[in-house]
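Okay, here's what each chain looks like letter by letter:
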Amino acid sequence: MNKVAIITDSTAYIPEHVRKEKNIVMIPLNVIFGNETYKEEVELKKDDFYEMVGKGGNLPKTSQPSIGELADTLEALSKEYDEAVMITLSSGISGTYQSALSLADMVENIKFYVFDSEISCAPQAHYAYTAVDMANEGADGAQIMEKLNEIKSQGIPAYFVVNDLNHLHRGGRMNAAQLLVGNLLQIKPVLHFQDKKIVPFEKIRTKKKAIGRIHQLMEQSVSPDERFHVSVIHAQREEEAKEIAAEIQAKYPNASVAVDYFGPVIGTHLGEGSLGITWMKN
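Residues numbered from 1 in each chain as written. Predicted model: local features only at pLDDT ≥ 70, side-chain atom pairs only at ≥ 80, totals over all residues. Heavy atoms only, no water.

### Looking at the nonpolar core
Stated formally: Among buried residues, those of type Ala, Val, Leu, Ile, Met, Phe, Trp, Tyr and Cys that are joined through side-chain atoms within 4.5 Å constitute a nonpolar core. Throughout, exposure labels follow a simple rule: accessible area from a 1.4 Å probe, protein chains only, divided by the maximum for the residue type, with under 20% read as buried, over 50% as exposed, and the rest as partly exposed. Each helix corresponds to a stretch of at least 4 residues labelled H or I by DSSP, and each strand to a stretch of at least 2 residues labelled E; elements are numbered beginning at the N terminus. Every residue pair with non-hydrogen atoms within 4.5 Å of one another is taken to be in contact.
Grouped together as the largest cluster of nonpolar side chains are 49 residues, with contacts concentrated most on Ile6, Val85, Ile87, Tyr127, Ile144, Phe262 and Ile266. Tallying contributions element by element places helix H5 (residues 121-136) first for this core, with nine residues. Non-local contacts of Ile266, meaning those with residues more than four positions away in its chain, are made with Thr11, Tyr13, Leu89, Ile93, Ser120 and Cys121. Core analysis: the next-biggest nonpolar cluster, separate from the first, contains 22 residues, Tyr159, Ile204, Leu217 and Val230 among them.

Structure follows, in structure tokens:
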């Protein structure tokens, strides 16, 4: 029986104790402030990141893991495992998938599969949990990849409400005129992943209405008695996220509802105060 290692990158934002418990290997992306580079979730945790961004100036840059670090990780894993499956954040917002893919034909002593989640955060973690559970039950890498692709073909809805239009402006995703009009009208853009990228879904006035719209989308997707998993994701808005999670739990008593967070790399895209809701049936 092949032993399969499960790897994901830091943007799945799986807590360290869960990674240890489930034996999931994490490869960190990098966050660059000026001349300083930090490994996300290792050298730079979310609280410190948002504090640094809050001081103003240019937004940080992000970069994929070094291919050398991933090669070293695979070399170490080959001593214990026959195969490895890596689940990456969307190839539309990072080169992590392509870098990992380029290693697949080069590594020796371990068969290496790379899965493009085409998303990030809690849904990416969901893929990792599915993979590690299958590996523990004896599935091989090809079987795990088949299951992950099956889940992806069914889709994982994920919607984000951006709180701070100034952040989008600083990040070059909104021009000055859009910023002015958006602030005057209290616009709270709802974003989602489409074709592997984070793009606008709808522009809605006020955060309350934007969250209400996501609730409406969930209602259209699942029934009140259905069993599914929900994640409410926040960028430094834990209490607000817990309130939303409690509302969802009350409405869907059979669902499992968790509160997760946007770490530095995805926080660079969305900004502090952002909220996300995603739900997974598999």
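### Re the packing of helix H3 (residues 67-77) against helix H4 (residues 96-104)
Heads up, the rule is: With axes taken as lines fitted to C-alpha atoms, and helix axes fitted only over the stretch in contact, angles between N-to-C directions fall between 0 and 180 degrees. Between 65 and 115 degrees an angle is taken as roughly perpendicular, under 35 as roughly parallel, over 145 as roughly antiparallel, and anywhere else as oblique. The crossing is said to be left-handed when, going from far helix to near helix, the turn is anticlockwise and less than a right angle, and right-handed when the turn is clockwise.
Closest axis-to-axis distance for the H3/H4 pair is 10 Å, and the angle between their directions is 50°. As summarised for this structure, H3 and H4 are arranged oblique, according to the angle between their axes. Classified by chirality, the crossing of H4 by H3 is right-handed. Residue-level inspection shows Ile67, Leu70, Ala71 and Leu74 of H3 in contact with H4, the latter providing Ser99, Ala100, Ser102 and Leu103.

### Focus: H5
Just so we agree on the cut-off: Take the residue count of a helix, subtract one, and multiply by 1.5 Å to get its expected span.
Here H5 contains 16 residues, and its C-alpha end-to-end distance of 23 Å stays within 8% of the 22 Å for a straight helix at 1.5 Å per residue. Counting buried positions over the 16 residues of H5 gives 13, a clear majority of the element. Positioned one or two residues after H5, Gly138 has a phi angle of 100°, which is positive.

### Some words on the environment of Glu75
Summarising the element assignment, Glu75 is placed in helix H3. Along the sequence, Glu75 and Lys147 sit 72 residues apart, while their C-alpha atoms lie 26 Å from each other.

### A few points about the pairing of strand S8 (residues 158-161)
A regular strand places its side chains so that they alternate between the two faces of the sheet. As a reminder of what qualifies: Any two strands with at least two DSSP-identified bridges between them are counted as paired.
Burial along S8 is two-sided: the residues Ala158 and Phe160 and Tyr159 and Val161 are all buried. Pairing analysis gives four bridges linking S8 to strand S13 (residues 275-280), with the strands arranged antiparallel. By the bridge assignment for S13, Phe160 is matched with Gly276.

### Looking at the packing of H5 against helix H6 (residues 141-154)
Convention followed: As a working rule, the residues Ala, Val, Leu, Ile, Met, Phe, Trp, Tyr, Cys and Pro are called nonpolar, Asp, Glu, Lys and Arg charged, and the rest polar, with Gly in that last group.
Relative orientation of the contacting elements H5 and H6 amounts to 145°, with a least axis distance of 10 Å. Two packed elements cross with a definite hand, and for H5 against H6 that hand is right-handed. Every residue of H6 that contacts H5 at Tyr127, Thr130, Ala131, Met134 and Ala135 is listed here: Gln143, Ile144, Lys147, Leu148, Ile151 and Lys152. Split into classes, the residues belonging to the contact of H5 with H6 amount to seven nonpolar, two polar and two charged.

### Digging into the sheet that holds strand S3 (residues 30-33)
Two modes of strand pairing occur in sheets, parallel and antiparallel, and in both the strands are linked by backbone hydrogen bonds. Spatial strand order, S4-S3-S5: three strands in an open sheet with antiparallel pairing. Two strands bound the open sheet, and with one partner strand each, they are strand S4 (36-39) and strand S5 (61-63). On average, each strand axis in the sheet is inclined to that of its neighbour by 30°, with strand direction left out of account. Sheet topology places S3 next to S4; four bridges connect them, and they run antiparallel. Its bridge partner lying in S4, Phe33 is registered against Glu36.

### Some remarks on the environment of Pro15
Residue placement: Pro15 occurs in the loop between strand S1 (4-9) and helix H1 (16-22). Residue Pro15 is classed as partly exposed on the basis of its relative accessible area, which comes to 29%. C-alpha of Pro15 to C-alpha of Glu41: the two residues are 26 residues apart in sequence and 9.0 Å apart in space.

### A word on the environment of Lys79
By the secondary structure assignment, Lys79 is in the loop between H3 and strand S6 (83-88). Residue class for Lys79 comes out exposed when judged on its relative accessible area of 67%. A sequence separation of 31 residues divides Lys79 from Ile110, and the C-alpha atoms of the two residues are 8.7 Å apart.

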